[in-house]
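Secondary and tertiary structure notes
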Amino acid sequence: MKPNHDGPRWLNIFHFASPLQFYPLAGKLVPIFAVLATLFALAGLWLGFGVAPADAQQGEGYRIIFLHVPTSWMAMFIYIVMAFWSVMHLVWRTRLSAMMAQALAPTGALMAFLSLCTGALWGKPMWGTWWVWDARLTSMLLLFFLYLGFIALTRSIDETDRADKAGSVLAIVGVFNVPVIYFSVKWWNTLHQGASISMEKGSTMASTMLIAMLLMSFAAWMYSIATALSRVRTLILLREGRTRWVQELIVGGKA
């Protein structure tokens, strides 16, 4: 798809749909989001592990939520974004959309893996077991497998166009698991505790705990953006390697 150069660039949503235009923009954004991720993480860890008081019921063990909740949120959110880019790819046929979905998948898989691991570390002292086939735990495990399946599928097909289409379909089908994860504690009688923050009731947490968890969530968000942008730059170079502008970047040492 050829970028339209009519009008201001910031008003043209398709201007940066071109890998040629997006590559340098992503390069400028990566360090910004990486710095923000570091700052948010340092502030969140200090507040969560150094300032926030012990929980009245769970003692010190509750502090795992400062890692568990942000990674769980990001695992679900990243999959929704992947599905969005997959729809964009199938509808608009933009090459960058498929690359964005594939760049997000490893980070989403990492977040789902960390969510499961930290959940097990939390579950052992609180529930007396590392794992149960609980509705939320099982649906989160399915999300992790969906990420792995997406990565394996897109990398096992040699033809790029077929790989992009197959991955897009899987991402769109799998996104229906995300509301199952979110509402599982409401739909079924589950061992997993309910949400500490909800749209209807607000937060049941102390303000210090809530701020620490939000800071860690912002850190996970910024980290995910930085890694996805960095990874999509690599994909652009791999796929556009024969084009003149990539050759010029390589020759000039700017790739």
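By the naming in an unreviewed UniProt entry, the chain goes by Heme exporter protein C and is assigned to Deefgea tanakiae. The UniProt entry for the chain carries the following comment under Function (unreviewed entry): "Required for the export of heme to the periplasm for the biogenesis of c-type cytochromes." What UniProt states about the chain under its Sequence similarities (unreviewed entry) heading is, verbatim, "Belongs to the CcmC/CycZ/HelC family."

In this structure, Ile78, Tyr79, Met82, Met140, Leu143 and Tyr147 are the most contacted members of the largest nonpolar core, which totals 28 residues. Of all the secondary structure elements, the ones that give two or more residues to this core are helix 2 (65-92), helix 3 (95-127), helix 4 (135-156), helix 6 (177-187) and helix 7 (207-239). If one sorts the elements of this core by residue count, helix 4 sits on top with eight residues. If we ignore the near neighbours within four places in the chain, the residues touching Tyr147 are Ala75, Ile78, Tyr79, Met82, Ala105, Gly108, Ala109 and Ala112.

Here we come to the layout of surface pockets. Space inside the second largest pocket adds up to approximately 500 Å³. Phe22, Val81, Phe84, Trp85 and Met100 are, among the 23 residues lining the second largest pocket, the residues nearest its centre. Of all the elements, helix 2 adds the most residues to the lining of the second largest pocket, at seven residues.

The subject of this paragraph is the environment of Thr154. Checked against the element boundaries, Thr154 lands in helix 4. According to the relative accessible area criterion, Thr154 is buried, its value standing at 10%. Sequence spacing of Thr154 and Asp164 is 10 residues, and the spatial spacing of their C-alpha atoms is 6.5 Å. Setting aside residues up to four positions removed in sequence, Thr154 forms contacts with Gln102, Ala163 and Gly167. A distance of 2.9 Å separates a polar atom in the side chain of Thr154 from the backbone oxygen of Phe150. Reaching out from Thr154, the side chain makes a polar contact with the backbone oxygen of Ile151 at a distance of 3.1 Å.

This part is about the pattern of salt bridges. Taken as a whole and assessed by the stated rule, the structure comprises six salt bridges. Between Glu240 and Arg95 there is a salt bridge, with its nearest N and O atoms 2.6 Å apart. Here Glu240, found in the loop between helix 7 and helix 8 (244-251), pairs with Arg95, found in helix 3; they are 145 residues apart in sequence, far enough to count as distant. According to the relative accessible area criterion, Glu240 is buried, its value standing at 7%. Between Arg244 and Glu248 there is a salt bridge whose closest N-O contact spans 3.2 Å. Residue Arg244 and its partner Glu248 are located together in helix 8, separated by four residues, close to a single helical turn. Several salt bridges converge on common partners, so that one network encompasses Arg93, Asp161 and Lys165.

Calculation rules
Residues numbered from 1 in each chain as written. Predicted model: local features only at pLDDT ≥ 70, side-chain atom pairs only at ≥ 80, totals over all residues. Heavy atoms only, no water. UniProt positions renumbered as here; feature names shortened; annotations may be inferred. Core = buried A, V, L, I, M, F, W, Y, C linked by side-chain atoms within 4.5 Å. Buried < 20%, exposed > 50% of the residue type's maximum accessible area, 1.4 Å probe, protein only. Helix = DSSP H or I, 4+ residues; strand = E, 2+ residues; numbered from the N terminus. Contact = heavy atoms within 4.5 Å. 1 Å grid on protein atoms, 1.4 Å probe; cavity = no way out; pocket = protein on both sides within 12 Å on 5 of 7 lines; lining within 4 Å. Points joined across faces, edges and corners; volume = space filled by probe spheres on them. Polar contact = N/O pair within 3.5 Å; in protein donor to acceptor, adjacent residues only side chain to side chain. Salt bridge = Lys/Arg side-chain N within 4 Å of Asp/Glu carboxyl O.

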